[in-house]
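Fold and geometry: a report
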Amino acid sequence: PGFRCAMCRPQRGECVLAKGYGLADRERQIPITAATPFFVGSLAKQFTAAAVLRLRADGKLSLDDSLGRFFPDAPADKRPVTVRQLLAHTGGLPYLPTSGLFGRATRDSVMREMLAESLLFQPGTRWEYSTPGYILLAGVIERASGTTYEQYLRSMFDRAGLTETGFAGDPARWSALPVR
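Notes on the structure follow. (Residues numbered from 1 in each chain as written. Predicted model: local features only at pLDDT ≥ 70, side-chain atom pairs only at ≥ 80, totals over all residues. Heavy atoms only, no water.)

Let's shift gears to the overall build of the protein. Regarding its fold elements, the protein presents six helices and four strands. In sequence order, the protein lays out its α and β elements as β-β-β-β-α-α-α-α-α-α. In the protein, buried positions account for 36% of the 180 residues. Accessible surface, the protein: about 11,000 Å² in total, of which carbon and sulfur atoms supply 55%. (Helix = DSSP H or I, 4+ residues; strand = E, 2+ residues; numbered from the N terminus. Buried < 20%, exposed > 50% of the residue type's maximum accessible area, 1.4 Å probe, protein only. Areas by Shrake-Rupley, 256 points an atom, 1.4 Å probe, with all protein chains shown as cover.)

In structure tokens form, the structure reads like this:
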């Protein structure tokens, strides 16, 4: 319990290896340590999916709920898109948001931007990897849980003992530079 990182290999309850390899920043010759934070990028989608499924298990949403339930003002073409379709990348939304990935907009404006994306195809008719779909799922998590996406995932991380897992925007947890 409480092992620091994936590099730890527990043996009889003792950590036998907790080490980093290579350089976190080659320019400044900063080594990777067992405590070096890494951006996980799109691997966050698995945590988002787990959160959606936890909310489903708790009876707070159904996979067949539509975006219209969570975003009543969504454009008419997006209202019928289901949580299941977003999870499965079959919601018709594009690969990346038109506005890019790392804006500094408010949560509501980001949701409006994702809902304004043009559908590439009729939802449910084909597969297309979609970051905007998962951004919308973060909004669904917030509306279904009554808390922020980060707070909801933090509660899941804590329950799972993932004490070293967090978000790049949380300076209290991540004072070291993430690996770039």
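Having seen the structure, we can now continue with the description.
Overall, the coordinates contain 10 salt bridges when judged by the stated rule. We note a salt bridge from Arg-54 to Asp-58, for which the minimum N-O separation is 3.0 Å. A single network of salt bridges, built from pairs that share partners, joins Arg-107, Glu-142 and Glu-150. (Salt bridge = Lys/Arg side-chain N within 4 Å of Asp/Glu carboxyl O.)

In this section: the side chain of Thr-131. For Thr-131, the position within the fold is in helix α5 (residues 131-145). Taking relative accessible area as the criterion, Thr-131 reaches 10% and is therefore assigned buried. Residue contacts for Thr-131: discarding those within four places in its chain leaves Lys-45, Pro-94, Tyr-95, Leu-96, Pro-97 and Leu-101. (Contact = heavy atoms within 4.5 Å.)

The nonpolar side chains of soluble globular proteins are, as a tendency, buried together. In this structure, Val-52, Leu-67, Phe-71, Val-83, Leu-87 and Leu-136 are the most contacted members of the largest nonpolar core, which totals 30 residues. Elements represented by at least two residues in this core include exactly α1 (44-57), α2 (67-70), α3 (83-87), α4 (107-116), α5 and α6 (149-159). Looking at this core, the element that brings in the most residues is α5, giving seven residues. For Val-83, the residues in contact, after removing those within four places along its chain, are Val-52, Ser-62, Leu-63, Asp-65, Phe-70, Leu-137 and Val-140. (Core = buried A, V, L, I, M, F, W, Y, C linked by side-chain atoms within 4.5 Å.)

Okay, a nonpolar patch on the surface next. A surface patch of nonpolar side chains, about 280 Å² in accessible area, is lined by Tyr-95, Leu-96 and Leu-101. Turning to its location among the elements, Leu-96 is positioned in the loop between α3 and α4. A relative accessible area of 37% places Leu-96 in the partly exposed class. (Patch = residues over 30% accessible without salt bridge, like charges linked within 9 Å, V, L, I, M, F, W, Y side chains within 5 Å.)

A few words on the packing of α5 against α6. Direction vectors running N to C along α5 and α6 enclose 80 degrees, while the axes themselves pass 8 Å from each other. The angle between α5 and α6 falls in the class roughly perpendicular. Together, Ala-138, Ile-141, Glu-142 and Ser-145 of α5 and Tyr-149, Glu-150 and Tyr-152 of α6 make up the contact between the two elements. (Axes fitted to C-alpha atoms, helices over the stretch in contact; angles between N-to-C directions. Parallel < 35°, antiparallel > 145°, perpendicular 65-115°, else oblique.)

Tallying each qualifying case throughout the model produces two aromatic pairs. Relative to Phe-157, the ring of Phe-47 lies with its centre 5.2 Å away and its plane at 85 degrees, an arrangement referred to as edge-to-face. Highlighted residues: Phe-47 in helix α1 and Phe-157 in helix α6, separated in sequence by 110 residues. Ring geometry for Tyr-95 against Tyr-129: centres 5.7 Å apart, planes inclined by 45 degrees, an arrangement best described as tilted. Taken together, the residues Tyr-95 in the loop between α3 and α4 and Tyr-129 in the loop between α4 and α5 connect sequence positions 34 residues apart. A residue is classified by how much of its surface remains accessible, and Tyr-129, at 24% relative accessible area, is partly exposed. (Phe/Tyr/Trp six-rings, centres within 6.5 Å; stacked < 30°, edge-to-face > 60°.)

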